[in-house]
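Survey of secondary and tertiary structure
This is what each chain is made of:
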Amino acid sequence: MLTASSRDWSIFQQIFADHWETFQHAHPRYQTPYYTGLVAKMLACGNPEKMGYIEYRCLHCGQGKHLVAMSCKASLCLRCAKVYVDNWVSHVSKMLHEGVIYRHIILTVPAMFRTTFYQNAAVVLSAFMRCGVQCLDDFYSAVKGRALQGGSIVVLHTHGRHGHDHPHRHVLATSGGYDARGGRWEHLQYLPYALLRRKWQWHLLTMLRQTLQTKVIHQLVATCFQKYPDGLVTNVQKGVVPAQAQSVARYVAKYVVSPPIAVRRIDRYDGERVTYHYRSHRTDRMEYETVPVDMFIGRMVQHTMPKGFKRIRYDGIQATTTFTKVKEVIQAALAKVEEVVKGAVKIIARLTYRQRYEQSTGRDPLMCPHCRSEMGVWRIWHPTYGVIHDEGEVIKRGTYASTAQRASP
Ligand SMILES: [Zn+2]
Ligand SMILES: [Zn+2]
């Protein structure tokens, strides 16, 4: 209703309703309560009987009614994916330091290690998240010749846009860092990419060798050093990223959102095969694909992380505990460096259900279509807790004082 057209969304649900069990049966990796729950939630999304609802009514003319079914808010859900991303963006942008220039850096893993990542996801992924941060601090300090602490927000991506396993990390990193001794913020205008590539290779391979400690890994690591004497691929978006008026978080979200968002449209589903299209970031063109339903489901679920795994990590001056503490120090340091202070980060506020609805339909969902007054919450029902709020009862009891006006699904 709010993102993907309801047609796409219901086809998406249909595909899972038809084939999820068979898929799970064929892929033991997904036979966990976590995945079972995730899919069940997505299938129930938007169903008022299963998810609960908020009913609005016009208390002026008594005619207007609007039912809002609770949504699942899962990244797997085609209906909720946009909300999920919007909330992500709002959350991340609150964690950025105003005035600091950030860069979007992509650190990749060579294809030769894909199996390693796939098979050891549980241990390797967290270590993988950590080693990128060490790499960047090491890199910045090497460039400036003195110890700098930068900050980064790391988002792990285990698949390419296309859906194939392709672990890489998107880093939103400060372009520079705080020099604690000098009490200065050091901005790095130019990043020597060749050095970054080698640093990244060293940090990644050392991490793999230390985390897994097997003969196979030692050999792979040795091969990798030989095969790539100039280091590994690191993409740094050139220049100051992004256009300063925009939010960096919004910009990065374009690259890191979950696959259901990549599905622009499901063109066809005949029970066995799915045809869909998406915009490829590599070619910047619309790509069309027809795949067996099993593969489609695989592509949609494989990005979901092992339970409890944090897909996003805040490090250095971005870490939640140090953020408030260093905020003032950084602002003061930045004030001395005029040109860096301008523009940079824009904070994006979280949208309410009402704003999102209005954005996508151009209509205020809570305005009575009959008398144009604002409707109020009439009833809130939850599948586990039953009726949570009943305005009719409140009015009958004569204790009318609407406190639930601002509830949102
Ligand atoms: Zn949903
Ligand atoms: Zn009305």
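Presented here is an overview of the structure given in this document. (Residues numbered from 1 in each chain as written. Chains lettered and ligands numbered in written order. Predicted model: local features only at pLDDT ≥ 70, side-chain atom pairs only at ≥ 80, totals over all residues. Heavy atoms only, no water.)

**Quick look at the coordination of the zinc ion (ligand 2)**
The condition that has to hold: As a rule, N, O and S atoms within 2.8 Å of a metal are its donors, except that Na, K and Ca use 3.2 Å; water is not among the atoms, so sites may look incomplete. Just to be clear on the cut-offs, tetrahedral is four donors with all angles between 85 and 135 degrees, square planar is four donors and octahedral six with opposite donors over 155 degrees apart and all others between 65 and 115, and anything else goes down as irregular. Think of it in three bands: with a 1.4 Å probe and only protein chains considered, a residue is buried below 20% of the maximum accessible area for its type, exposed above 50%, and partly exposed in between.
Distances from the zinc ion (ligand 2) to its protein donors, Cys-58 (SG), Cys-61 (SG), Cys-368 (SG) and Cys-371 (SG), fall at 2.3 Å. Around the zinc ion (ligand 2), the four donor atoms are arranged such that angles at the metal cover 100 to 115 degrees; this shape is classified as tetrahedral. Here the donor residues for the zinc ion (ligand 2) map to a single chain with the spacing C-x2-C-x306-C-x2-C. Taking relative accessible area as the criterion, Cys-368 reaches 1% and is therefore assigned buried.

**Observations concerning the pattern of salt bridges**
To be explicit about the condition: For salt bridges, the criterion is a side-chain nitrogen of Lys or Arg within 4 Å of an Asp or Glu carboxyl oxygen.
Counted by the stated rule, this structure contains nine salt bridges. For the salt bridge of Glu-55 with Arg-57, the shortest nitrogen-to-oxygen distance reads 2.9 Å. Taking relative accessible area as the criterion, Glu-55 reaches 11% and is therefore assigned buried. Look at the salt bridges and you will find they share partners, linking Lys-144, Arg-146, Asp-179 and Glu-186 into a network.

**Observations regarding the sheet that holds strand β10 (residues 273-279)**
Condition: In short, DSSP must find at least two bridges between two strands for them to pair. Helix and strand assignments follow DSSP, with helices taken as H or I runs no shorter than four residues and strands as E runs no shorter than two, numbered in order from the N terminus. Orientation is described by lines fitted to C-alpha atoms, with helices fitted over the stretch in contact, and by angles between N-to-C directions that extend from 0 to 180 degrees. Working rule for contacts: check all heavy atoms of both residues, and any pair within 4.5 Å makes them a contact.
Spatially, the three strands line up as an open sheet ordered β9-β10-β11, and their pairing is antiparallel. Either end of the sheet is taken by a strand with one partner, and the two such strands are β9 (265-269) and β11 (286-292). This sheet shows a mean twist of 20 degrees between the axes of neighbouring strands, independent of strand direction. Here helix α1 (residues 6-26) sits on the sheet in contact with β9 and β10, set at roughly 50 degrees to β9. Sitting on the sheet, helix α11 (residues 293-301) is in contact with β9, β10 and β11, with an inclination near 120 degrees to β11.

**Here we look at the coordination of the zinc ion (ligand 1)**
For the zinc ion (ligand 1), every protein donor is listed as Cys-45 (SG), Cys-72 (SG), Cys-77 (SG) and Cys-80 (SG), and the spread of their distances is 2.2 to 2.4 Å. Taken together, the four donor atoms coordinating the zinc ion (ligand 1) span angles of 104 to 113 degrees at the metal, a pattern that classifies the geometry as tetrahedral. All donor residues of the zinc ion (ligand 1) come from one chain, and their arrangement in sequence is C-x26-C-x4-C-x2-C. The exposure classification of Cys-72 matches that of Cys-77, with both residues buried.

**Description of the packing of α1 against α11**
Where we set the bar: Should an angle lie under 35 degrees it is considered roughly parallel, over 145 roughly antiparallel, and from 65 to 115 roughly perpendicular; all remaining angles are considered oblique. Charged means Asp, Glu, Lys or Arg here, nonpolar means Ala, Val, Leu, Ile, Met, Phe, Trp, Tyr, Cys or Pro, and polar covers whatever is left, Gly included.
Contact geometry for α1 and α11: axes closest at 10 Å, N-to-C directions at 100 degrees. Viewed along their axes, α1 and α11 adopt a mutual orientation that is roughly perpendicular. Facing α1, whose interface residues are Phe-12, Ile-15, Phe-16, His-19, Trp-20 and Phe-23, α11 presents Val-293, Asp-294, Phe-296, Ile-297, Gly-298, Met-300 and Val-301. Of the residues assigned to the contact of α1 with α11, the class counts are ten nonpolar, two polar and one charged.

**Quick look at the side chain of His-277**
Spelled out, the test is: By the criterion applied in these results, polar contacts are pairs of N or O atoms within 3.5 Å in which, for protein atoms, one can donate a hydrogen and the other can accept it, and in which residues neighboring in sequence qualify only through two side-chain atoms.
Relative to the elements of secondary structure, His-277 occurs in strand β10. Residue class for His-277 comes out buried when judged on its relative accessible area of 10%. Among the polar contacts listed, one links the side chain of His-277 to the side chain of Asp-267, at a separation of 2.9 Å.

**Details of helix α8 (residues 215-227)**
The condition is simple: Expected span, for any helix, means 1.5 Å times one less than how many residues it has. Arc definition: directions from the helix axis to the C-beta atoms.
Look at α8: 18 Å from first C-alpha to last across 13 residues, which is about the 18 Å you get at 1.5 Å a residue. By the burial criterion, the buried members of α8 are Ile-217, Val-221 and Cys-224. The arc that holds the buried residues of α8, viewed along the axis, is 65 degrees, so those residues lie on one side. α8 presents Lys-215, Val-216, Gln-226 and Lys-227 as exposed residues on the side facing more than 90 degrees away from its buried surface. The inward-facing, buried residues of α8 contact α5 (114-119) and α7 (193-212).

**Focus: the pairing of β9**
One ladder, built from four bridges, connects β9 with β10; its direction is antiparallel. Each bridged residue has a counterpart across the sheet, and for Arg-265 the counterpart in β10 is His-277. Joining the antiparallel neighbours β9 and β10 is a turn of three residues, in which Gly-271 adopts a positive phi near 100 degrees.

**Considering the packing of α7 against α8**
At a closest axis distance of 9 Å, the pairing of α7 and α8 adopts a crossing angle of 170 degrees. The pairing of α7 with α8 is recorded here as roughly antiparallel in orientation. Across the interface between the two elements, Gln-201, Trp-202, Leu-205, Leu-208, Arg-209 and Leu-212 from α7 touch Ile-217, His-218, Val-221, Cys-224 and Phe-225 from α8. Tallied by class, the residues present in the contact of α7 with α8 amount to eight nonpolar, two polar and one charged.

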